[in-house]
Amino acid sequence: MIARSALAVAPDLELDGWLERFEDEAASGHAPNPADFLPDPSHPKYGSALREMLRLDLEFAWSRGEERQVEDYATRFPQLFKDPNALAEVAVEEYRLRRAAGEDPDPAEYQRRLGVELPVKKKPAPDGPTWDGEGFPRVGGIIAPGYRLLSELGRGAFGRVYLAEQADLANRKVAVKVSSRLIGEAQTLAKLQHTHIVPIYGVHRVGKYQVLVMPYLGAATLADVIAARRDGQSGRLTERSVRTVVAPRSSSATPKWDEEGSKESRDSAAALKKPPAPQIVRQDQNAQTDCDALPIGVAIADALAHAHGRGILHRDVKPANILLTDDGAPMLLDFNLAADETERAASAGGTPRYMSPEQIEAMTNSIVKPDARSDVYSLGLVLHELIAAELPFPERSGPWESIAPAMLTNRQQPQVRLASPAITAILRKCLEPNPANRYQSAADLRDDLVRQRNNQTLKVAHEPLSRERFRKWRRRHPRLSSATTVGTAALVLVTAVALTAYWQWNRVRDIQAREAHATMARTRDQVHRLEIDLRGPVEPIREAHDKALVALASYGLPADENWNANTNARRLPAPDAEALRRDVAFVLFCAAESAGELGARATDAGRRTQLFDEALFLNARAGEAYPSEQPIRLFLQQRQVLLDRAGRTEEAKALTKRIESATNPSAATEFLQAHFDQAAGRYREAATALEQIVSRGRANYTAWMELGVARLRLHKYEPAAEAFLAAAALEPEEPRPLYYRGLALLSAGRFDRAVELLDRYLDRQPNEAEAWLNRALVRIRLKDGKAALDNLPAAERLGGATTRLYALREMAFRLTGQAQEAAEQHRLMLSSTPASVDDWTIRGEERLISDAAGALKDFDEALAIDPEAPAALRGKASALSEKLNRPADAATVLDRLVAGEAATAEDRAGYAVLLARLGRKDEARKQARACLAPETRPLALYQAASALAVLAATAHERAEVIAILRRVIQGDAAWAKDMAGDSDLKSVQSESDFKALLEGAKVLNGGK
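Residues numbered from 1 in each chain as written. Predicted model: local features only at pLDDT ≥ 70, side-chain atom pairs only at ≥ 80, totals over all residues. Heavy atoms only, no water.

Visitor: Can you help me understand the overall build of the protein chain in this one?
Guide: Within the protein chain, the regular secondary structure consists of 44 helices and 10 strands. Counting over 1008 residues, the protein chain shows a buried share of 50%. Counted over contacts in the protein chain with a minimum sequence separation of 6, partners at least 24 positions apart contribute 61%. Here the protein chain displays about 46000 Å² of accessible surface, and carbon together with sulfur accounts for 51% of that area. (Helix = DSSP H or I, 4+ residues; strand = E, 2+ residues; numbered from the N terminus. Buried < 20%, exposed > 50% of the residue type's maximum accessible area, 1.4 Å probe, protein only. Contact = heavy atoms within 4.5 Å. Areas by Shrake-Rupley, 256 points an atom, 1.4 Å probe, with all protein chains shown as cover.)

Below, the structure written as structure tokens:
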């Protein structure tokens, strides 16, 4: 039997959680800040988390092409440089990445740079021949760049595994897997960072072979443990090869199979394998093994949950693929089936002995698609075999066609009878023939195993009443269940202890309830501030969505409609319970907003539908959570907008009467209503409400930021900049006001100040692609093409919008006189695949020059994502009126644009011209005269004058047109060059005042 201490292992779920969240964000193409994912510096695990997080950050940075160095962390993480050991570990990671990139760094360099000595050697001298890729390598040889093969650990049908030394890293031991199949295991494992998954150090190609380098953690696997138990040994471990089998779909010869693996791999391991004699294991023999199996089950289930969460199935969970390190820690390995090259093979992989029923069916029926529950089934078989030294059904061998039906029949009634009723219940749940009745995730299995280990009743599997269940209770309550003398004194003592324990329990639960409520209130504020601009960069929106769902899950939301009966909710005093309901409703509302916005931006139709369905579900939960018996107008309005954006227009219209009759509790929802109005594009209403809040002295940072965004969308750029300045004064350490002030001043034409603010923002937030793109745009506006080009590599590395990137690069190259490069960027931009509203709109604007029909399609794609996108509406109207001669259709599009609050004076003036041409005189005059404010810019004035000129029938009307054109010349005399030949101005071109105006403009233009 295995020593208990060797198996006392479990995942460090807390550390894994921090690393997983960071890895998820980085793997999605973003460049997250490690500080956002680290615990508080006072946390006892902060040092370990910092070290591992920075190693991950380096790896992801280099994968994005950003050759980051350790010194880059000096300002943000000075704690790292106070710990020489941690600093050395991070430095080794940089050294490894540099070597993988083809550099040849000198280890002594790190002593000079950082004052740390790396455990590496410079250029090891090989002591054997270097493998050239002809046939499998031999022991004693060298696999470039410096892996010396010491021995062969195992072999299978397609590859071999060697023990090797890596000479340039202190001769550390590594396992080198050489495969004749170019599988995707390295790419699969590169996505996984988990305590109990064997990681990949590197991947190489040598000739037709693929070489995977992994840490050498020992040669013993769980298969050795099971073999030792079968042979009656005391747990001594022996080396066994790791074998993975993929079933052939078609073959001229029918191979012989047993349930351990393929004929080839079985023959190669024949000397190591001893077939077990049939036996019935008595319950008293396996009772102790039940406990030993729990830590292994917890660890591997958690590893599978980690992989499944990243869309990766293992498909070959078996004892030989669970390595036991020297300290007894189980490690999951061999993900090559999970990354097989074809969908057909991937769906049919595995080792028959440990296959789920659906995997067996998939061997001959390609319609059957095993999922994560198949891995759960296989792990259940592994745990049963570990405990009982046998499978819960007879083993089969022979031709696949003959054993497959028998295997399926056996799996319909597995014989699970173990000493522990609880573990029996767990394994029966794992081995349910119908996946729908199984554990639905590896995480559920892990949780039940953890509860069993902690002497708690099971959560998912049905645990029968038994002596074991009573023993669990006794272990959890040793004081209450200890033997006492019979008598009144003992009864009083037990009662006193019980009352004390109950009082303490109540007190702890009350504290926990208050802490949970405080967390929800903090999340409410955090999510709100992240959603200040739902039409802005996607990163804060995604972060708001994730934060909201994490907080809601602590109350079982959004799934549990009875969340209010949750202990943390039920134990609050009545006023606090009502406040909690408001906070929960607020967070649900914001989660619905972010889910809806992410859905609107999704390019995949399935993902779009999924997100809108989620948003509507969250909206319904918000309405149920809010402490009011009457429908809340705000929640109904949100639902209507979501339905409309999802294309369910009839359902949206059906809500109109309910919205009209509903009300808002003004004091409680005033701020939330303003937030919603802004998210829905009703910027004027939002700005009015927020200005009232500000005037009453109730404004906080978030209110000022939302007011600034509302003003920005209303093209009130200077007032917007003032609001962002106020937000910065309230929270000077918050970087976002710098970014938004920069945008406001960029739009206002104050380019020098805008670039200064964006510089300051990027000093603090260097990993935001959108900021680099906008800084490049400012440089272009400043006519500094070289500086713009210098900004764009960072945007590209961080995943900035490709279409927009090409467009900016084209403009920058034109400024620097590089016409050929500009033309190439233009070609790339036109052939790019847009991924956002802005991308589609930009490409449409460029295609409008020579491909009006194609441009129209691009604008329609943008409007399918956001039906109210102003730039896309402008572009579509231009294509219809100027290129396709469809002015009436263009007017319909502009009707939508000017009805919204994002319409500019230029939009209204252009609309007026189109209306005038269509003979809609009164509407045209109304729109044109609405654009004559003193601050109106020359373009809008010119268009307004053109509209009025088309309609001018009297001398007075013609004089009005000329007066407006005079204002245009005063603003920018260059416009005079267009006036003489503009057909819309035909009614005034013969007027003497008009001719005099053009002569004066010629003088202003230097005689031209």
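Further notes follow.
Visitor: It is not clear to me how the pairing of strand β6 (residues 209–215) should be interpreted in this structure. Could you clarify?
Guide: When a strand is regular, its side chains alternate between the sheet's two faces. For β6, the buried fraction is high: seven of the seven residues fall into the buried class. With six bridges connecting them, strand β4 (residues 172–179) and β6 associate as antiparallel partners. Note that in β6 the partner of S179 across the bridge is Q210. Here five bridges tie strand β5 (residues 202–206) to β6, and the two strands are oriented antiparallel to one another. Paired with V206 across the two strands is Y209, which belongs to β6. Connecting the antiparallel pair β5 and β6 is a turn made up of two residues, with G207 showing a positive phi of about 60°. (Pairing = 2+ DSSP bridges.)

Visitor: Could you clarify how one ought to interpret the packing of aromatic side chains in this entry?
Guide: Each pair of aromatic rings is reported with the distance of its centres and the angle of its planes. What the rule picks out here adds up to 13 aromatic pairs. Consider the rings of F22 and F37, whose centres lie 5.5 Å apart with planes at 85°: the pair is edge-to-face. Taken together, the residues F22 in helix α1 (residues 13–27) and F37 in the loop between α1 and α2 (46–63) connect sequence positions 15 residues apart. Seen in terms of ring centroids, F136 and Y209 are 5.1 Å apart; in terms of plane orientation they differ by 55°. Their pairing is tilted. Of this pair, F136 sits in the loop between α4 (108–114) and β1 (142–143) while Y209 sits in strand β6; the two residues are 73 residues apart in sequence, bridging distant segments of the chain. Given the relative accessible area of 24%, F136 is considered partly exposed. (Phe/Tyr/Trp six-rings, centres within 6.5 Å; stacked < 30°, edge-to-face > 60°.)

Visitor: Would you mind going over the environment of P145 with me for this structure?
Guide: Residue position: P145 is located in the loop between β1 and β2 (147–155). On a C-alpha basis, the gap between P145 and A167 in space is 9.4 Å, while along the polypeptide they are 22 residues apart. Among all residues touching P145, those that are not within four sequence positions of it are R99 and H204.

Visitor: Just to check I follow, could you spell out helix α31 (residues 769–781) for this structure?
Guide: Given 3.6 residues per helical turn, the α-helix brings residues three or four places apart onto the same face. Between its first and last C-alpha, α31 extends 19 Å over 13 residues, near the 18 Å set by a 1.5 Å rise per residue. Among the 13 residues in α31, 10 count as buried, and that is most of the element. Those residues of α31 that sit buried are A769, A771, W772, L773, N774, R775, A776, L777, V778 and I780. Once α31 finishes, K783 follows within two positions and takes phi at roughly 65°, a positive value. (Expected span 1.5 Å × (residues − 1).)

Visitor: Explanation requested: the pairing of strand β3 (residues 159–166) in the structure shown.
Guide: Among the eight residues in β3, seven count as buried, and that is most of the element. Relative to β4, β3 runs antiparallel, the two being bridged by eight bridges. Following the sheet pairing, V161 is matched in β4 by K177.

Visitor: I keep staring at the nonpolar core and nothing clicks. Help me out?
Guide: The nonpolar side chains of a soluble globular protein tend to be buried, and buried together. Membership of the largest hydrophobic core comes to 56 residues, with the highest contact counts inside it found for M705, L707, L712, F724, Y739, Y740 and L792. Those elements that provide at least two residues to this core are α26 (683–695), α27 (701–713), α28 (717–730), α29 (736–747), α30 (751–764), α31, α32 (785–797) and α33 (802–815). W840, A944, I964 and L985 belong to the second-largest nonpolar core, a separate cluster that totals 55 residues. (Core = buried A, V, L, I, M, F, W, Y, C linked by side-chain atoms within 4.5 Å.)

Visitor: Would you explain the packing of helix α20 (residues 574–601) against helix α21 (residues 605–625) in this entry?
Guide: Packed helices, taken two at a time, are described by the angle between their axes plus the distance between the axes. Their axes nearest at 8 Å, the elements α20 and α21 cross at an angle of 165°. Comparing the axis directions of α20 and α21 gives the class roughly antiparallel. The interaxial crossing formed by α20 with α21 has left-handed handedness. Two secondary-structure elements touch here, α20 through R581, V584, A585, L588, F589, A591, A592, A595, G596, L598, G599 and A600 and α21 through R608, L611, F612, E614, A615, L618, N619, R621, A622, E624 and A625. (Axes fitted to C-alpha atoms, helices over the stretch in contact; angles between N-to-C directions. Parallel < 35°, antiparallel > 145°, perpendicular 65-115°, else oblique. Left-handed = near helix turned anticlockwise from the far one by under 90°.)

Visitor: Just checking my understanding: could you explain the pattern of salt bridges for this structure?
Guide: Side-chain pairs of opposite charge can arise whenever the charged atoms involved come near each other. Scanning the model with the defined rule gives 58 salt bridges in all. R713 serves as the salt-bridge partner of D533, at 2.6 Å between the closest nitrogen and oxygen. Of this pair, D533 sits in the loop between α17 (488–530) and α18 (538–553) while R713 sits in helix α27, and the two are 180 residues apart along the sequence. For the pair D533 and R713, a shared accessibility class is recorded, and that class is buried. The shortest N-O distance in the salt bridge between R925 and E957 comes to 3.7 Å. Taken together, the positions of R925 in helix α40 (residues 921–929) and E957 in helix α42 (residues 955–971) put the pair 32 residues apart, joining distant regions of the chain. (Salt bridge = Lys/Arg side-chain N within 4 Å of Asp/Glu carboxyl O.)

Visitor: Which parts of the structure should I look at to understand the packing of α21 against helix α22 (residues 633–645)?
Guide: For the pair α21 and α22, interaxial distance at closest approach is 10 Å and the crossing angle is 170°. The angle between α21 and α22 places the two elements in the roughly antiparallel class. On α22, the residues that touch R608, F612, A615, L616, N619, A620, A622 and G623 of α21 are F635, Q638, R639, L642, L643 and R645. Looking at the contact of α21 with α22 residue by residue, the class counts come to eight nonpolar, three polar and three charged. (Nonpolar A, V, L, I, M, F, W, Y, C, P; charged D, E, K, R; others polar.)

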